[in-house]
Structures are given as structure tokens and as C-alpha cells.
Amino acid sequence: MEGRPRQVQRHAEDDATRMADVGRDMEELQRLLKSPKARGMMGELGLEILLGDMLPKDRVDYQYTFSDGKKVDAMVRLDKGLLPIDAKFPMESFQRLMEASPEDRPKARKGLQDSVKKKVDDIAKLYIRPGEGTLPLALMYLPAESLYYETFIAREKDEEDLWDYAYHRQVLPLSPGTLSAYLKTVAMGLKAAAVEQNAKQVYELLATLDRDVKAYRKPFEVLGSHINNAHKQYDES
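Residues numbered from 1 in each chain as written. Predicted model: local features only at pLDDT ≥ 70, side-chain atom pairs only at ≥ 80, totals over all residues. Heavy atoms only, no water.

### Remarks on the overall build of the chain
Across its full length, the chain carries 7 helices and 5 strands. For the chain, the N- to C-terminal ordering of α and β elements is α-α-β-β-β-α-α-β-α-α-β-α. Put simply, the chain has 237 residues, and 30% of those count as buried. Approximately 16,200 Å² of the chain is accessible, and the part contributed by carbon and sulfur atoms is 56%. (Helix = DSSP H or I, 4+ residues; strand = E, 2+ residues; numbered from the N terminus. Buried < 20%, exposed > 50% of the residue type's maximum accessible area, 1.4 Å probe, protein only. Areas by Shrake-Rupley, 256 points an atom, 1.4 Å probe, with all protein chains shown as cover.)

What follows is the structure in C-alpha cells.
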């Protein structure tokens, strides 16, 4: 009986140690995310993981470079054109909104909206380039569901509709969940296109075989006629 309280105490101490470690890790992560470069890398990494899991490797180029040297985080190669995807994470504006008091919340939401609108404008201006083979559409990846919700779903009364703002600039904002669903549709289309392409190749092979058979048919008929005549002459002899 005496050993049991000690065991319980030891487990409690272990739990406290683990919680302290988690707390330090969270603090370290928060310090890391204060760097815009680090946030950008995290967004790009999350995007790369999603694309790698959902699409064939030969269909995606990372850090795709345009003719003027501008780079987009990812470019998906579709049969009808290139689809640019760029990850955006307005961390400062989002964090101010999360920490704002009820009185300061409208101002903080306005700051987040302005930040996201600028990122939408940048994507539309920099990456939608039909002259270089892109579709007239680009995707904006927001690497947090809460950020996507606060920006495009939880619209307050009399606030501007950012979804409509992005739509009219041919930019489609997506969260990890909605991007995953979108990529499933894209992957199904790519598989269907691959099946169709294979069917075309088989048809072309059969057509070539048919032409070859027809080309050899006449010589074989002539050869058969000669053999038949020779056989008759043999029998007569």
C-alpha cells in the first residue's frame, strides 16, 4: 500500500515535467512564428505536404519561377494549363484579432481584412499569367483553419465580403481542409485524363497494327497463290 502513493506521486511528477516541456515547446514555437520568414516556411511546408500526398510528383513544381524571376510557392500542371498556389499567413494581424478586447475587435478585424486583401491583390497581380500558360485562376492557401474562418467565414454585419473580393480577382482562398477536398477533385481529374490518354495510346497501337496487317495481306495472298499453284503442279506431276 505504501508503494502506491509513491507511484502516483511519481506519475504526477512525470506529468508535470511533460507539461512543462510542452509549455516550453509552445513558447519556442511562438517565438519562431514571430519571424515572417519562418511563418512563410511553415506555410510552404504544409502546402508541400498536402500536394505531395494528393498529386503525382510530376504534376507539381515547387518555387516555380516566372519569366521575370518572380516565384510562386507551387505550380500544379493541369492538362488545360498551370495552376499557381501561394501560401499566406498574416500572423501579426490575426494574433492582434485573437488578443483584442471587445472594444478593439472591430479595429483588429479591419486590420486583418486589409492585410488579406493586399495578399489577394499580390497573388492576382504576380501569379495569374495566361501569357505564360497559367489558368485565369490562382489559389491562396491559408495554413490554419481558424485563420480561414475568421477571414472568410465569420463576417460581421456591414463588413466587406472578402470571399467576394477574392472571387472578383480570380483568387480562390482555401484552408487545409478545403484545399484537401479541392485536390481530391483535381487528382480524380488527372486519373481520368491518364486513363483517357492510355486508351488513346492503345487505340493508336491497334490502328498501327491494323495498317501493318493490311500491308502484309496482299503479299501473303500472292505467296499463298504461288504455293497453291505449286501444289497443283506437284499433284499433276
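### So, helix α3 (residues 91-99)
Along α3, the residues classified as buried are M91, S93, F94 and L97. The arc enclosing the buried residues of α3, seen along the axis, measures out at 170°, which places them on a common side. Exposed side chains of α3 directed beyond 90 degrees from the buried face belong to R96 and E99. (Arc of directions from axis to C-beta.)

### Considering the packing of aromatic side chains
Think of a pair of aromatic rings as described by two things: how far the centres are apart, and how the planes are tilted against each other in angle. If you walk through the whole model with that rule in mind, you get 4 aromatic pairs. Three or more aromatic residues joined by ring pairs make a cluster, and in this case those are Y64, F66 and Y127. A cation over an aromatic ring shows up here: R129 above the ring of F66, its NZ or CZ 4.3 Å from the ring centre. The cationic tip of R169 hangs over the ring face of Y165; the distance from NZ or CZ to the ring centre is 3.5 Å. (Phe/Tyr/Trp six-rings, centres within 6.5 Å; stacked < 30°, edge-to-face > 60°. Lys NZ or Arg CZ within 6 Å of the ring centre and 35° of its normal.)

### Some thoughts on the sheet that holds strand β3 (residues 81-87)
Strands sit in the order β1-β2-β3-β4-β5 across an open sheet of 5 strands; the sheet is mixed. With partners counted over all chains shown, the strands left at the sheet margins are β1 (60-65) and β5 (171-174), one partner each. Across the sheet, the axes of successive neighbouring strands diverge by a mean angle of 30°, strand direction being ignored. Judged from the 4 bridges that link them, strand β4 (residues 138-141) and β5 form a sheet pairing that is parallel. (Pairing = 2+ DSSP bridges. Axes fitted to C-alpha atoms, helices over the stretch in contact; angles between N-to-C directions.)

### Section: the nonpolar core
Counting 25 residues, the largest nonpolar core has V116, V120, M140, F152 and V171 as the members making the most contacts within it. Contributing elements (two or more residues each) for this core: β2 (71-78), α3, α4 (105-127), β4, α5 (145-153) and α6 (162-167). For this core, the leading source of residues is α4, giving 6 residues. With sequence-adjacent residues up to four places away left out, F152 is seen in contact with V116, M140, L142, L162, W163 and P173. (Core = buried A, V, L, I, M, F, W, Y, C linked by side-chain atoms within 4.5 Å. Contact = heavy atoms within 4.5 Å.)

### With respect to the environment of K107
For K107, the position within the fold is in helix α4. Owing to a relative accessible area of 72%, K107 belongs among the exposed residues under this scheme. With 11 residues separating them in the primary sequence, K107 and R96 have C-alpha atoms 9.6 Å apart.

### What about the packing of α4 against α5?
The N-to-C vectors of α4 and α5 enclose an angle of 95°; their axes lie 10 Å apart at closest approach. Here α5 runs roughly perpendicular to α4, going by the angle between their axes. On α5, the residues that touch R105, R109, L112 and V116 of α4 are L147, E150, T151 and F152. Here the residues of the contact of α4 with α5 are counted per class, giving 4 nonpolar, 1 polar and 3 charged. (Parallel < 35°, antiparallel > 145°, perpendicular 65-115°, else oblique. Nonpolar A, V, L, I, M, F, W, Y, C, P; charged D, E, K, R; others polar.)

### Section: the packing of α3 against α4
The geometry of α3 relative to α4 is characterised by a closest axis approach of 8 Å and an angle of 160° between their N-to-C directions. In terms of orientation, α3 lies roughly antiparallel with respect to α4. Here α3 and α4 pass one another in a crossing that is left-handed. Between α3 and α4, the contacting residues are S93, F94, R96 and L97 on the first element and R105, A108, R109, G111, L112 and S115 on the second. (Left-handed = near helix turned anticlockwise from the far one by under 90°.)

### Comments concerning the side chain of S93
As for its placement among the helices and strands, S93 is situated in helix α3. If sequence neighbours within four positions are ignored, S93 has contacts with G111, L112 and S115.

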